[in-house]
Amino acid sequence: MGKGYAEGSAVEEPLAALERGDDPLKPLAAGRAAVYGSTEANPERHFIGWADEVDTDTLFASGEAWGVQVVRRGTA
């Protein structure tokens, strides 16, 4: 029987980070937060805008986008 959350995408990024040799104890630099999600015009997950320029709650509540995620990437 599978372990559910402990399999798949929840584990893939940490494993990839270890393979790249990333230091797991090093905090991420404060990069700019990006908003990703799906829209009627483009149902695939894609970049919608920057979190400081897009109101994610309004975007989701209006139904204009779904699967909305804010992703912050380190600048290394």
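The preceding data block contains the structure.
Structural notes, computed from the coordinates. All figures in this text were calculated on a predicted structure; none of them were measured in a lab.

## Points about the pattern of salt bridges
Here is step 1 of the chain: Across all of its chains, the model carries two salt bridges by this definition.
Here is step 2 of the chain: For D52, the salt bridge identified is with R32, shortest N-O distance 3.1 Å. Separated by 20 residues along the polypeptide, D52 in the loop between β2 (46-50) and α2 (56-61) and R32 in the loop between α1 (9-20) and β1 (33-39) bring together distant segments of the chain.
Here is step 3 of the chain: Look at D52 and you get exposed, because its relative accessible area is 60%.
Here is step 4 of the chain: The partner of R32 in a salt bridge is E53, with the nearest N and O atoms 2.9 Å apart. Here the residue R32 occupies a position in the loop between α1 and β1, and E53 occupies one in the loop between β2 and α2, the gap between them amounting to 21 residues.
Here is step 5 of the chain: Overall, the relative accessible area of 40% leaves R32 in the partly exposed class.

About the cut-offs
- Residues numbered from 1 in each chain as written.
- Predicted model: local features only at pLDDT ≥ 70, side-chain atom pairs only at ≥ 80, totals over all residues.
- Heavy atoms only, no water.
- Salt bridge = Lys/Arg side-chain N within 4 Å of Asp/Glu carboxyl O.
- Helix = DSSP H or I, 4+ residues; strand = E, 2+ residues; numbered from the N terminus.
- Buried < 20%, exposed > 50% of the residue type's maximum accessible area, 1.4 Å probe, protein only.

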